[in-house]
Structures are given as C-alpha cells and as structure tokens.
Amino acid sequence: MQMRVAVCPGSFDPVTMGHLDVFERASRMSDQVIVAVLINKNKSSLFTLEERIEMLTEATAHLPNVSVDSFYGLLVDYCRDHNVNAIVKGLRAVSDFDYELQMAQMNYRLTQVETCFISTNPLYSYLSSSLVKEVATHGGNVIGLVPEVVLKRLEIKISSTI
Ligand code: PNS
C-alpha cells in the first residue's frame, strides 16, 4: 500500500534505534512521514519536549521525507488537521499487541484513520526508551541502542542529575 502522509506518534523519551528503524521503513512506504511527539503534561519525562524534538530532528536528518512535530490532545485530531492517511507503529512483541490493537480500533472508530503495524527489527525487539533510561542512569552501556546524538545527551543529562 502506498501511503501519502504517515504519522509515527510517540513520547520518544528518548528516541531509540528501534524507533529509527520504524521511521526509515515508513519513509520508504510513504511520500511524507511526520514523527509526532505527544505533549503529555501528566507524564514526567527525562528529556524536555524541545530536547526530544532536537534529538529526533538530528537522528532523522538523513531521511529527506521525514519531519518532526509535536501534538497535544487526540492523535486523530492531529491526523485530520494534517491530512494524515495512516498511523504507523512498530510492534516489538505480542505484549505490544493488545494495547496497540485497542488504540488502533478506537482511532478507527473516531475518524476512520487507518493504523499500520511494522514488525520491528528483531535486533531491537527488547528495546524501549524506559529500559535505555534505566540502564544508562546506572552506568550501563547503551551504545548501538540509541542514535549518537542521544548517547551524548544521555551522558550530559545523567551527569547533571547526579
Ligand atoms: O511512545 P508512547 O508513549 O507509547 O506513545 C503513545 C501514543 C503517544 C502513541 C499514544 O498515547 C497516543 O496516541 N496519545 C495521544 C492521545 C490519544 O489520541 N489518545 C487516544 C488513543 S486511542
């Protein structure tokens, strides 16, 4: 299926190689991909919204049809306002499936927007932003699991919080 405009939504606190793999693959299937960062006032994050956007922008600089944006409120409203044809998500394992299916069905119920799932690269199937933060905070090695820009920012962030 050729999608014109696809959106990859998430918190991206921070972006991982698993996310990047999904963006790259989505960019080959669509004319335009928007990586949309949720502005979530109730969820505390390690990186500010601005920092997350900067890291995403640098990590996707090699993908000419990928742009980065943020949104507040319902994803379906963002999709409607930006003429998005499909939401693209990565599925790491069966454990992701229940909640992702629920959201996809709710989003379809709201505005008939389609959701497409990409099976993540098995190299990254265990990877999550939360685990990256936990491992990095305690001095573990996350080289190869996050883009170079995130490695640098994690080092700075962690050294300034201890
Ligand atoms: O990276 P995350 O935190 O797992 O991403 C979750 C996200 C942002 C994709 C999801 O929470 C979302 O779409 N939030 C926007 C609010 C919304 O539309 N909620 C109804 C979903 S059916």
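Our structure is the block above this text.
Fair warning: this is a prediction, and the values are worked out from it, not measured in the lab.

How each quantity is defined
- Residues numbered from 1 in each chain as written.
- Predicted model: local features only at pLDDT ≥ 70, side-chain atom pairs only at ≥ 80, totals over all residues.
- Heavy atoms only, no water.
- Helix = DSSP H or I, 4+ residues; strand = E, 2+ residues; numbered from the N terminus.
- Rg over C-alpha atoms; globule rule 2.2 N^0.38 Å.
- Buried < 20%, exposed > 50% of the residue type's maximum accessible area, 1.4 Å probe, protein only.
- Contact = heavy atoms within 4.5 Å.
- Areas by Shrake-Rupley, 256 points an atom, 1.4 Å probe, with all protein chains shown as cover.
- Lys, Arg positive; Asp, Glu negative; His and termini not counted.
- Charge placed at Lys NZ, Arg CZ, Asp CG, Glu CD.
- Expected span 1.5 Å × (residues − 1).
- Pairing = 2+ DSSP bridges.
- Axes fitted to C-alpha atoms, helices over the stretch in contact; angles between N-to-C directions.
- Parallel < 35°, antiparallel > 145°, perpendicular 65-115°, else oblique.
- Nonpolar A, V, L, I, M, F, W, Y, C, P; charged D, E, K, R; others polar.
- Near = heavy atom within 4 Å.
- Polar contact = N/O pair within 3.5 Å; in protein donor to acceptor, adjacent residues only side chain to side chain.
- Salt bridge = Lys/Arg side-chain N within 4 Å of Asp/Glu carboxyl O.

## Focus on the overall build of the protein
Consideration 1: When its secondary structure is counted, the protein shows six helices and five strands.
Consideration 2: Reading the secondary structure of the protein in the N-to-C direction produces β-α-β-α-β-α-β-α-β-α-α.
Consideration 3: Relative to the globule expectation of 15 Å for 162 residues, the C-alpha radius of gyration of the protein, 15 Å, shows essentially globular dimensions.
Consideration 4: If one aligns the C-alpha atoms of the protein with their principal axes, the spans along those axes are about 45 × 30 × 30 Å.
Consideration 5: Each of the 162 residues in the protein was classed as buried or not, and the buried ones make up 44%.
Consideration 6: For the protein, contacts bridging at least 24 residues in sequence account for 76% of all contacts bridging at least 6.
Consideration 7: Within the structure as shown, the protein displays about 9,100 Å² of accessible surface, and the carbon and sulfur contribution to it stands at 54%.
Consideration 8: A gap of 3 Å separates the mean positions of the 14 positive and 18 negative side-chain charges of the protein.

## Regarding helix 6 (residues 148-161)
Consideration 1: Taking 1.5 Å of rise per residue, 14 residues should cover 20 Å, and helix 6 covers 20 Å from first to last C-alpha, within 8% of that figure.
Consideration 2: Within helix 6 the residues assigned to the buried category are Val149, Val150, Leu151, Leu154, Lys157 and Ile158.

## Focus on the pairing of strand 2 (residues 30-38)
The side chains of a regular strand alternate, first on one face of the sheet and then on the other.
Consideration 1: As paired strands, strand 1 (residues 3-10) and strand 2 are joined by seven bridges and run parallel to one another. The residue bridging Ala6 from the neighbouring strand is Val33, located in strand 2.
Consideration 2: As judged from the six bridges shared by strand 2 and strand 3 (residues 66-71), these two strands associate in the parallel manner. Each residue of the ladder has a partner; that of Val33, found in strand 3, is Val66.

## Regarding the packing of helix 2 (residues 49-59) against helix 6
Consideration 1: As a packed pair, helix 2 and helix 6 sit with axes 9 Å apart at the nearest point and diverge in direction by 150 degrees. In terms of orientation, helix 2 lies roughly antiparallel with respect to helix 6. Between helix 2 and helix 6, the contacting residues are Glu51, Glu54, Met55, Glu58 and Ala59 on the first element and Val149, Val150, Arg153 and Lys157 on the second.
Consideration 2: Tallied by class, the residues present in the contact of helix 2 with helix 6 amount to four nonpolar, no polar and five charged.

## Thoughts on the site of the ligand
Consideration 1: Taken together, 13 residues form the shell around the ligand, and within it Gly10, Ser11, Gly73, Leu74 and Leu75 come nearest.
Consideration 2: Within the side chain of Lys43, a nitrogen or oxygen atom sits 3.5 Å from an oxygen atom of the ligand.
Consideration 3: Protein chains shield 71% of the accessible area of the ligand, which is 560 Å² for the free molecule.
Consideration 4: At the level of secondary structure, the elements contributing two or more residues to the shell around the ligand comprise strand 1 and helix 4 (94-111).
Consideration 5: Here the shell around the ligand takes three residues from helix 4, the largest share from any one element.

## Points about the pattern of salt bridges
Consideration 1: Applying the stated criterion to the full structure yields eight salt bridges.
Consideration 2: The partner of Asp77 in a salt bridge is Arg80, with the nearest N and O atoms 3.2 Å apart. Of this pair, Asp77 and Arg80 are both found in helix 3 (residues 75-81), three residues apart, which corresponds to roughly one turn of the helix.
Consideration 3: Shared partners join several salt bridges into a network, and the residues in it are Asp77, Arg80 and Asp81.

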